[in-house]
Amino acid sequence: MSIQTVGIIGAGTMGNGIAQAVAAAGLHATVVDISDAAVEKGIQTVASSLDRLIKKEKISAADKNAILGRIHGTTDYAALGEADLIIEAATENYELKVKILRQIEQVAKSQAIIASNTSSISITKLAAQTQKPEQFIGMHFFNPVPLMALVEVIRGIQTSDATHDTVAELARKLGKTPVSVKNAPGFVVNRILVPMINEAFFVLAEGVAEPEAIDEAMKLGANHPIGPLALADLVGLDVCLAVMEVYLQEFGDSKYRPAPLLRELVAAGHLGRKTGRGVYRY
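Conventions adopted
Residues numbered from 1 in each chain as written. Predicted model: local features only at pLDDT ≥ 70, side-chain atom pairs only at ≥ 80, totals over all residues. Heavy atoms only, no water. UniProt positions renumbered as here; feature names shortened; annotations may be inferred. Domains from an automatic or database assignment. Contact = heavy atoms within 4.5 Å. Buried area = accessible area lost by both parts, 1.4 Å probe. Salt bridge = Lys/Arg side-chain N within 4 Å of Asp/Glu carboxyl O. Pairing = 2+ DSSP bridges. Helix = DSSP H or I, 4+ residues; strand = E, 2+ residues; numbered from the N terminus. Right-handed = clockwise from strand over helix to strand, strands pointing away. Axes fitted to C-alpha atoms, helices over the stretch in contact; angles between N-to-C directions. Parallel < 35°, antiparallel > 145°, perpendicular 65-115°, else oblique. Left-handed = near helix turned anticlockwise from the far one by under 90°. Nonpolar A, V, L, I, M, F, W, Y, C, P; charged D, E, K, R; others polar.

- The name given to the protein in an unreviewed UniProt entry is 3-hydroxybutyryl-CoA dehydrogenase, with the source organism recorded as Lampropedia cohaerens.
- As its UniProt record puts it under Sequence similarities (unreviewed entry), the protein is described as follows: "Belongs to the 3-hydroxyacyl-CoA dehydrogenase family."

Details of the domain arrangement of the protein
Phase 1: As far as domains go, the protein holds domain 1 (5-182) and domain 2 (190-273).
Phase 2: Taken together, the 6 residues of domain 1 in the interface contact 6 residues of domain 2.
Phase 3: Around 560 Å² of area is buried between domain 1 and domain 2 when both sides are counted, 54% of it from carbon and sulfur atoms.
Phase 4: Of all residues in domain 1, the largest losses of buried area upon contact with domain 2 belong to Ser119, Ser120 and Asn143, amounting jointly to 56% of the total for that side.
Phase 5: Inspection of the region where domain 1 meets domain 2 yields 0 salt bridges.

Brief notes about the pairing of strand 8 (residues 177-182)
Phase 1: Examined bridge by bridge, strand 7 (residues 150-155) and strand 8 share 6 bridges and lie parallel to one another. Note on strand 8: the bridge partner recorded for arginine 155 is lysine 182.
Phase 2: With helix 6 (residues 161-173) bridging strand 7 and the parallel strand 8, this β-α-β connection has right-handed handedness.

Concerning the packing of helix 7 (residues 189-205) against helix 10 (residues 237-251)
Phase 1: The contact between helix 7 and helix 10 brings their axes to 10 Å, and the two run at 110°. By the angle between their directions, the pair helix 7 and helix 10 is classed as roughly perpendicular. Like other packed secondary-structure pairs, helix 7 and helix 10 cross with a definite hand, here left-handed. Between helix 7 and helix 10, the residues in contact are Asn190, Arg191, Val194, Pro195, Ile197, Asn198 and Phe201 and Leu237, Cys240, Val243, Met244, Tyr247 and Phe251, respectively.
Phase 2: Here the contact of helix 7 with helix 10 is composed, by residue class, of 10 nonpolar, 2 polar and 1 charged.

Take a look at the structure:
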C-alpha cells in the first residue's frame, strides 16, 4: 500500500513535527487534537519552523505555503477516515493511548495502518487492544522531528511483514532512516539514553557538579552535542520520568528507579523548555 495521507493524533511537539515532515515530503497530514486552540498552536509551530528554514535559505516562501497547505488541523476524528496511516502521538500514558486507539478504529478505513509514536510502551501490548493487531506498529520519531534522521520501526509480535515494510518505506520517503527493532521497553535509543539522563539527576542531587558543569563534561568528554540535563529539559522532565517508571515496572530492576530530584522537579511543574523552567530557566 502506498501512503498518501497520514493522520496524526496530537498537535504537540512530536505531532506537529511529524506533520511538518509528512507535508514537506509532499504528502497530506491530518492533525487531530482535543481543542481548536491546541490545533492552531501546533500549526503555528510548524509555520514558525518553516520561517526559520526560509531565513536559512533552505526553502522558499512558496514552499512554506505549499507545506502548510498540505496540513489540515481539526478536532474531529472523522477527518481520519481517508488516512492510509494514522500515527498516535499523545502523552506517554498507556490508558490514554488505548482510549485514543479505540477512537481511531471507529473511523479508520479497514486497510489503514495504525502506529504509535510511543517511546517506551509495549507495541505488542498496545496492538492487543486493537481489532487488527497485524496492522499495528511502532513508529518512534525523535525530537525535533524535522531535523532528526532516525525513526525506530518497532514490530509487535502481531505486526505483519507488509505493515512493517510499508512503514519503513514511508520513513525513507520522509527523508528518515528507519531502524527495525524488536518490541522491548524503551526499544534501543531510549533504553540507553533515558537511564543516562536519570543518572545525571543523581549526580546533580549528590552535588558532584553544577548543572552547567555536568552538561559541559558530557559534551566535551563523550562528544555529545547536548548535555544530559539540557536534553532532559528539551525532551520534558515529565516524559523522562514516565519512561523510567515504565522501565522500573516492566523490568522490575531497581537500577531503573527514577532519581528523587527528577520526581521533585516534575511535582513542582518544572518540566523543562515547555514550561519555561526545568533544570534551567528559559
